[in-house]
Amino acid sequence: MDPSLSPTSIYYAIKKETWRRTVVLSFQTLGILYGRLSTAPLYVFGSINPSDIKSGQQIYELFSFVFWTLTFIPLLKYAFIILKADDNGEGGTFALYSLLCRHANVGLLPSDISTTELMHQEEGTPSKMKVESRARRAIGRYKSSHYLMLFLALLGSCMIICDGIFTPALSVLSATSDLRRSLSKLAARFTSSEKARHSIDKYLKRYIPVPAACAILVCLFMLQRYGTNRVGVIFAPIVIIWLMFISGFGIYNIIHHPQILWAISPAYMFRFIKKIDISSWKLLSSIVLCIAGSEAMFADLGHFSKRSIKVTFVFLVYPALVLCYAGQAAFFSKHLGTSDDVAHLSESITHRHLQRIFTILSLFASLVGSQATITATFSIINQCQALACFPRVNVIHTSEKVHGQVYVPDANWLIMVLSLTILIGFRDISAIANATGLAVIYGMLVTTCLMSLIIALQWEKTAVFLSVSFLLLFGSIEAIYLSSCFLNFSKGAWCIVALSLIFMTVMVSWHYGTIKKHEFDIENKVTVDWLTELSPGLGVSRVAGIGFVHSNIVTGIPAFFSHFITNIPAFHQVLILVSFKSLHVPFVPKNERYLIGRIGHKEYKIYRCIVRYGYRDHVRNINDFEDQIISSIGEFIAREEQHHELLFLEEGRMIILGSRMTDGNVLVPVVVGGEQSGSGQHVADIENPTTTTTKRKKVRFMLPANSPKMNPSVRKELQQLVDARESGTAYFMGHSHLKVRKGSNFVKQFLVKVYAFLDKNCREPPVALDIPHAALLEVGMVYTI
């Protein structure tokens, strides 16, 4: 296959973006991606206690931090640098880890050398096959660096998930607090008694912000089932109106207090640092929230495109936010000490009627503000699961055109429960803001570390210099904010550490159990000779039909099947060993998905099929899986006769199939009827995601009626395959139970027990195929590790 004409290249070439599509995606980014950044003004200065501000000049200094932080982190770091490190259109912490796994050989996940090599052969353009650098060799040589890379990827993923839990609570509580202040002012107009005003305000403070926020959060999470496309279209107009509103009042306050423009000078930041103390240093933990949502610019890349994300931020979001923060800081500095609520954004809107409009608009905007992190959480969980670092959950692809748009129902409801718990438990904007700030900056620091390694390993010539410069510039900025967040550890930030430890334990345990199961399968597999040559002497017979054996290994016979043969000495006339393998790429086209090989002599009729998929693919939950496998094996049999070198393929060597032959020597599928299948979730089901019953076509295979070119031996083997299909199919799956050897240390016992608990309570089966219960045979086996 010519690498320049490989299906992978063609697949990504046809996705070339037009300006019309850029405009559509840019519109959707406002409703999904930039809602978080756009609503940050609700709580950046609002989470600061006015009593902690020493003078109006200090507010100018804090605004200088806001301006330069917005300029350096989301604008320079994400929009112009990190977006270049996409993994074929995918972003996020695990996309960077995926790039490192491919280019630095630091992956710890079970993989097959033959499939990996074949993938590289297909992608083997001169740009892909770079000369191995000294840095790449050093990182690949030391196992400790492999664990460090995985730890960073898992830590960054945990922080994004924690951010997705805390951000909805923070955004919505900030908006409902504005609602409480608005109602208090309205009530004050109807009573002249100071005691009555105080009583009403106390009542509203207790019964309005938190209950209203809980109701809004439940509505927000119920909307997630409709997918990124629909939610984005609904939310985008709200963000546009919101940005115009807050930037307009920002300009109004700047006109009345133009001195704020001098604070753009970095000299104000140095002045702040020069007279720093513990109390003022803590203020930076609130300022870091101005970039909350920047990580979603990269994590949500799979939902949109680089150009749409960059254009929207540079020309709309960034200037609107700068104007808003400048106007708010100007008002705050001139009215410091006049009210306990002077730091809140609503106070900078002096017109009474417009304040009410702002209150209503902020409620809707707070819904949108949570969307970016929720969407990013779905993306991260999907990537972690595909790379065996997260328990099995149902992932629904909500778009047929954009593969990265996913919805994870189980994660959605879990995040909702945890977010409501945080909201009810803390009931305080400052505490939730402290925790959110720690999650935001920790995730960004992890991204900076991984990105610096990507620069060092992939970018040529001055790569090491650029890598060190990138790490020092952005890492130092983020380290300053991180230290500030840790000063508020006892005031809410501790919750992020506790949650991240829980998620990290789940991810590490699942990864450890997956690795150990794979190692056990490798060590206890039996040879093909045992099945094809020795088993007949043991009285093993062949029965009519096709047997599909799900295997986690790509060479040899899995231990659970040999265990089955030992106890029940029989297997089917045609045996197909099927393995699913995740590759460190987002997508694998259908015509490159199946690798077929033969095990033993032709008379044994034993085949091996490897189904390859990317971490964004949704290939295992398909109705016509069995039909595609049989069709691919029929194509393999026909091609094998034409290419004599295929007759001498050794065990473990596969050939790629999927492009249909046109010479009439392949099996002909015929649809003979339909039946209902009651499991599985597909792209077509997104109109009604709760419906799990789909129409399944029943397909029979026939040999071509007139094909004089077909070799008699090929026709005979194809006919045997067709007859076996007609006799029925059975699926063999291993059901493993992990058990720790006596004398193992506590950490190993703990990880295995956590894995066993998660495996038993997973929401998804190991292989989500639409297998009838009557055709499924589960073979239980204890894995002692």
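Computed from a predicted structure; not experimentally measured.

Asker: Even after reading the chapter, I still don't get the nonpolar core, so can you show me in this structure?
Answerer: The tendency in soluble globular proteins is for nonpolar side chains to be buried side by side. Membership of the largest hydrophobic core comes to 166 residues, with the highest contact counts inside it found for Ile287 and Tyr325. Residue contacts for isoleucine 287: discarding those within four places in its chain leaves Val44, Phe45, Ile48, Leu62, Phe65, Val66 and Tyr481. Counting residues in hydrophobic clusters, the runner-up holds 34 residues, among them Phe561, Phe564, Tyr604 and Val740.

Asker: Explain the confidence of the model for the protein chain here, please?
Answerer: In this model, the protein chain carries a mean pLDDT of 79, and residues with pLDDT of at least 70 account for 81%. Within the protein chain, the lowest mean pLDDT, 38, falls on helix 1 (residues 7–13), and the highest, 93, falls on helix 4 (residues 56–80). For the stretch residues 1–15, pLDDT sits under 50, and the model shows 25 contacts to residues farther than four places along the chain or on other chains. Long-range and interchain partners of residues 110–131, a stretch whose pLDDT sits below 50, account for 32 contacts in this model, where long-range means more than four residues apart.

Asker: Where do I start with unusual backbone geometry in this structure?
Answerer: One can expect most non-glycine residues to show negative phi and most peptide bonds to be in trans. You will see that arginine 427, though not glycine, has its phi angle at about 55°, which is positive. One non-glycine residue, lysine 605, adopts positive backbone phi at about 50°. Positionally, lysine 605 belongs in the loop between strand 5 (594–599) and strand 6 (606–614). Given the relative accessible area of 13%, lysine 605 is considered buried.

Asker: Can you walk me through the packing of helix 8 (residues 143–188) against helix 19 (residues 409–426) in this structure?
Answerer: Running from N to C, helix 8 and helix 19 point in directions that differ by 50°, and their axes come no closer than 8 Å. With respect to each other, helix 8 and helix 19 are oriented oblique. Judged by the twist between their axes, the crossing of helix 8 over helix 19 is right-handed. Side by side, helix 8 and helix 19 meet where Gly164, Ile165, Phe166, Pro168, Ala169 and Leu173 of the first sit next to Ile415, Leu418, Ser419, Ile422, Leu423 and Phe426 of the second. For the contact of helix 8 with helix 19, a count of residues per class yields 10 nonpolar, 2 polar and no charged.

Asker: How should helix 17 (residues 352–369) be read in this particular structure?
Answerer: For an α-helix the count is 3.6 residues per turn, leaving residues at separations of three or four pointing the same way. Over its 18 residues, helix 17 runs 25 Å from end to end, which matches the ideal 26 Å to within 8%, given 1.5 Å per residue. Burial in helix 17 covers these residues: Gln355, Phe358, Thr359, Leu361, Ser362, Leu363, Ala365, Ser366, Leu367, Val368 and Gly369.

Asker: Even after reading the chapter, I still don't get the environment of isoleucine 381, so can you show me in this structure?
Answerer: Along the chain, isoleucine 381 turns up in helix 18 (residues 371–386). For isoleucine 381, a relative accessible area of 4% gives the class buried. Counting along the chain gives 27 residues from isoleucine 381 to valine 408, while the straight-line C-alpha distance between them is 8.1 Å. If sequence neighbours within four positions are ignored, isoleucine 381 has contacts with Ile161, Phe390, Val393, Val408 and Ala411.

Conventions we followed
- Residues numbered from 1 in each chain as written.
- Predicted model: local features only at pLDDT ≥ 70, side-chain atom pairs only at ≥ 80, totals over all residues.
- Heavy atoms only, no water.
- Core = buried A, V, L, I, M, F, W, Y, C linked by side-chain atoms within 4.5 Å.
- Buried < 20%, exposed > 50% of the residue type's maximum accessible area, 1.4 Å probe, protein only.
- Contact = heavy atoms within 4.5 Å.
- pLDDT = per-residue confidence, 0-100.
- Helix = DSSP H or I, 4+ residues; strand = E, 2+ residues; numbered from the N terminus.
- Axes fitted to C-alpha atoms, helices over the stretch in contact; angles between N-to-C directions.
- Parallel < 35°, antiparallel > 145°, perpendicular 65-115°, else oblique.
- Left-handed = near helix turned anticlockwise from the far one by under 90°.
- Nonpolar A, V, L, I, M, F, W, Y, C, P; charged D, E, K, R; others polar.
- Expected span 1.5 Å × (residues − 1).

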